[in-house]
Amino acid sequence: MRYYLFLIPLLPVLYAHGQQNGQQLTLKECYRLAKQGNTLVQQAQRSLKAREYNLQAENRSYYPKVDLLAGYNYLGKPLEINLQQVKDGVVNGSSAQSVNTANTVYQQITGQPLPQNVQDVIYNTTKGIINTVYPDYNPELTKQSYFTAALALRQPIYLGGKIATAQQLARTQVTAGQFNQQVVEKGLFFAISAQYLRILYLNTILAHEAVIVESFRKNRDYATSLKDNQILPPYLLNWARVSFVQATNRYNNLELEKENALLELNDLLGQPIETPITINDTLEYELKPVTETGQLELLRNNPTYRLVENKTDLANVAVKASRSLALPNVFAIGSLNLYQKDLPVTIPPWLIGVEMQWNLFDGFQKYKRTKASKMLVEEAQMAALNTKTSLELQLKVAINKMKALQNDVASLDSARQQAHLTTTLVTDRMQNQLSSVKDVNDALLQEEEMQKIYYTAVMGYYLALAQYWNVIGTPEQFAEYVDR
């Protein structure tokens with residue numbers, strides 16, 4: 001039966017401390033304290049709050065964006081009108097216009113067009129005059145630098161579903177944050193439950209160990225009296241003394257182990273490790289019936305499974321987001337001019353308009369992103385299936401462990417009672433000089449061992465029960481079994 005002892009070192013090395021003069025804590029109170037003080041829970045709460053703020057930000061995506069635009073520009077050289085480039089057109093056009101005007105006036109007076117030689121004289125004379133007065137340089141339009149300032153407005157009209165997709169993604173992330181907080185809390189509460197059971201186990205063993213130590217002391221005192229009356233050999237007295245010292249050491253070591261367990265519990269609760277707490281309850285076996293009907297349906301309420309399912313929802317939103325990138329964006333735009341200095345042209349005081357942005361080719365980047373997001377959906381669905389299978393396995397294992405430990409506890413209960421009866425009979429026989437001091441020591445050691453094995457099996461049963469409720473229920477449901 002010693003194989004049950006492997007449960008003790010495999011308990012999670014979780015953290016807590018306390019002095020025996022502190023407040024008596026129930027398991028539910030431990031949950032409450034951990035929810036308020038444990039840093040892992042607080043970290044999950046901060047993560048959820050950040051996701052909620054992000055959702056609030058996304059819900060404001062339809063609001064117009066107003067920007068203050070201001071700029072200072074310095075030109076390599078001032079802006080100029082290139083008069084030399086248009087000189088021939090200006091000279092020839094003006095000369096032709098002069099001829100046309102003179103011809104029109106002459107026709108109105110005489111009814112006949114100007115003679116061609118007269119037209120040529122007017123054309124050449126006008127061309128010569130314009131060539132003479134036409135500037136031989138390009139005049140500047142502005143200074144070499146200028147400053148502008150304006151308010152710009154940009155209001156989304158149609159973004160191909162991008163805003164709605166971003167909002168849906170933010171909502172899904174909030175839901176994921178809620179499930180993540182539940183997963184963190186359940187994992188922490190399960191660890192606290194295991195640690196609490198460990199303390200109850202140590203309390204129980206300490207109570208029985210105190211009785212055993214007292215029995216070893218009485219056996220030593222009785223052996224001393226026999227030796228003083230020269231009835232008992234000295235080596236048997238030494239044996240009784242050594243057995244008493246070893247029993248005392250085991251008791252003291254158990255007290256130190258409980259002190260460590262309380263230190264570790266305080267750390268789990270998020271309290272200073274010197275915070276005084278008291279847990280004096282003992283571990284008592286009581287059969288807890290569990291139902292196997294509807295268990296698989298309850299698995300869907302497990303936050304671990306729901307968190308993985310949420311990843312599938314996130315992947316589906318990512319597919320929508322990738323597809324929306326291929327659709328155009330339409331904005332209403334507006335601008336209000338606030339200030340301009342040394343600008344070569346006068347900007348109107350305000351303007352409004354509609355702007356469309358549509359990416360027509362990006363090297364098939366959007367196509368690849370959409371394909372990648374579809375693969376993530378398949379990956380998330382496979383992860384959800386694997387998680388469901390894992391939870392079903394944990395549930396079946398926990399139920400089978402409880403059934404096995406129920407049988408073991410029943411048989412071990414008989415064995416420990418028989419060990420106690422044997423100790424009593426051997427002690428009576430020693431007092432009638434029908435058995436030796438060593439026989440009593442051996443019987444006490446056997447009784448001590450059977451008590452530890454029995455309560456180790458009881459603790460294993462409650463750990464399996466905690467795992468059962470961790471899979472399909474809540475930690476509070478398990479605490480109802482422990483807190484009496």
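Everything quoted here is computed from the prediction, not taken from an experiment.

Some remarks on the overall build of the chain
A count of helices and strands for the chain gives 12 helices and six strands. A compact globule built from 484 residues would reach a C-alpha radius of gyration of about 23 Å, whereas the chain, at 46 Å, exceeds it by more than 25%. Long-range contacts, defined here as pairs at least 24 residues apart, represent 87% of the contacts in the chain between residues at least 6 apart. Looking at the chain as shown, the accessible area adds up to about 27500 Å², and 57% of this sits on carbon and sulfur atoms.

Description of the domain arrangement of the chain
On domain assignment, one finds that the chain holds domain 1 (23-66 + 157-336 + 364-482) and domain 2 (72-154). Just the C-alpha atoms count here: the centres of domain 1 and domain 2 sit 94 Å apart. The partner domain 2 presents five residues to the nine residues of domain 1 that form the contact. Between domain 1 and domain 2, roughly 750 Å² of surface is buried when both sides are summed, and carbon and sulfur atoms account for 54% of that area.

A look at the UniProt feature "coiled-coil region" (unreviewed entry) in the chain
Here, UniProt's "coiled-coil region" (unreviewed entry) annotation points to residues 244-271 and 388-415. With 93% helix and 0% strand, residues 244-271 has end C-alpha atoms that lie 38 Å from one another. Split by type, residues 388-415 is 100% helix and 0% strand. Its first and last C-alpha atoms lie 40 Å apart.

Describing the confidence of the model for the chain
For the chain, mean pLDDT is 84; residues scoring 70 or higher make up 93% of the total. Ignoring residues within four places in sequence, the model shows residues 1-22, a span with pLDDT below 50, making 82 contacts including any to other chains.

Brief notes about the packing of aromatic side chains
For the structure on display, the rule yields eight aromatic pairs. On the numbers, 6.2 Å between centres and 35° between planes, the contact of tryptophan 469 with tyrosine 481 is tilted. One end of the pair, tryptophan 469, is in helix H11 (residues 437-472); the other, tyrosine 481, is in helix H12 (residues 475-482), and 12 residues separate them in sequence. Owing to a relative accessible area of 13%, tryptophan 469 belongs among the buried residues under this scheme. Ring-pair connections join several aromatic residues into one group, and the members of that group are Tyr285, Tyr461 and Tyr462. It is arginine 154 that lies over the ring of phenylalanine 331; its NZ or CZ is 3.7 Å from the centre. Between arginine 416 and the ring centre of tyrosine 454, over which it is positioned, the NZ or CZ distance is 4.0 Å.

Observations regarding the environment of leucine 188
Mapped onto the fold, leucine 188 is located in helix H6 (residues 162-228). Classification of leucine 188 as buried rests on a relative accessible area of 7%. Counting along the chain gives 18 residues from leucine 188 to leucine 206, while the straight-line C-alpha distance between them is 27 Å. The residues contacting leucine 188, other than those within four sequence positions of it, are Ala34, Asn38, Val41 and Leu268.

Regarding the pattern of salt bridges
Applying the stated criterion across every chain yields a total of 15 salt bridges. A salt bridge links aspartate 221 to arginine 217, with the nearest nitrogen and oxygen atoms 2.6 Å apart. Separated by four residues within a single helix, aspartate 221 and arginine 217 lie in helix H6, roughly one turn from each other. Salt-bridge contacts for lysine 452 lead to glutamate 448; the nearest nitrogen and oxygen are separated by 3.8 Å.

So, the sheet that holds strand E3 (residues 145-158)
The four strands lie next to each other as E2-E3-E5-E6, forming an open sheet whose pairing is antiparallel. This sheet does not close on itself; its edge strands, each paired only once, are strand E2 (65-74) and strand E6 (350-357). This sheet shows a mean twist of 30° between the axes of neighbouring strands, independent of strand direction.

Concerning empty space enclosed by the protein
As enumerated under the stated definition, the model contains two cavities of 30 Å³ or more in all. Space inside the largest cavity adds up to approximately 50 Å³. Contributing to the lining of the largest cavity are Tyr31, Phe189, Phe190, Ser193, Ala466, Asn470, Pro475 and Phe478. Elements that contribute at least two residues to the lining of the largest cavity include exactly H6, H11 and H12. Taken together, the residues of the lining of the largest cavity sort by class into six nonpolar, two polar and no charged. One number sums up the size of the second largest cavity: a volume of about 30 Å³.

Looking at the pairing of E2
Little of E2 is tucked away, with one of its 10 residues classed as buried. Both E2 and E3 contribute to a ladder of 10 bridges, which runs antiparallel. Its bridge partner lying in E3, valine 66 is registered against leucine 153.

Considerations on the side chain of glutamate 264
Within the secondary structure, glutamate 264 sits in helix H7 (residues 234-269). On the basis of relative accessibility, which here comes to 17%, the residue glutamate 264 falls in the buried class.

Topic: the packing of H6 against H12
Close contact between H6 and H12 brings their axes to 10 Å; oriented N to C, the two are set at 15°. As the angle between them shows, H6 and H12 are arranged roughly parallel. Crossing of H6 over H12 shows left-handed handedness. Of the residues in H12, those in contact with Lys186, Phe189, Ser193, Tyr196, Leu197 and Leu200 of H6 are Pro475, Glu476, Phe478 and Val482. The residue inventory of the contact of H6 with H12, partitioned by class, reads seven nonpolar, one polar and two charged.

Digging into unusual backbone geometry
Comment: phi is negative for the bulk of residues other than glycine, and the bulk of peptide bonds are trans. Of note in this structure, phenylalanine 364 is not a glycine but carries a positive phi near 65°. Its location among the elements puts phenylalanine 364 in the loop between E6 and helix H10 (365-431).

What counts as what
Residues numbered from 1 in each chain as written. Predicted model: local features only at pLDDT ≥ 70, side-chain atom pairs only at ≥ 80, totals over all residues. Heavy atoms only, no water. Helix = DSSP H or I, 4+ residues; strand = E, 2+ residues; numbered from the N terminus. Rg over C-alpha atoms; globule rule 2.2 N^0.38 Å. Contact = heavy atoms within 4.5 Å. Areas by Shrake-Rupley, 256 points an atom, 1.4 Å probe, with all protein chains shown as cover. Domains from an automatic or database assignment. Buried area = accessible area lost by both parts, 1.4 Å probe. UniProt positions renumbered as here; feature names shortened; annotations may be inferred. pLDDT = per-residue confidence, 0-100. Phe/Tyr/Trp six-rings, centres within 6.5 Å; stacked < 30°, edge-to-face > 60°. Buried < 20%, exposed > 50% of the residue type's maximum accessible area, 1.4 Å probe, protein only. Lys NZ or Arg CZ within 6 Å of the ring centre and 35° of its normal. Salt bridge = Lys/Arg side-chain N within 4 Å of Asp/Glu carboxyl O. Pairing = 2+ DSSP bridges. Axes fitted to C-alpha atoms, helices over the stretch in contact; angles between N-to-C directions. 1 Å grid on protein atoms, 1.4 Å probe; cavity = no way out; pocket = protein on both sides within 12 Å on 5 of 7 lines; lining within 4 Å. Points joined across faces, edges and corners; volume = space filled by probe spheres on them. Nonpolar A, V, L, I, M, F, W, Y, C, P; charged D, E, K, R; others polar. Parallel < 35°, antiparallel > 145°, perpendicular 65-115°, else oblique. Left-handed = near helix turned anticlockwise from the far one by under 90°.

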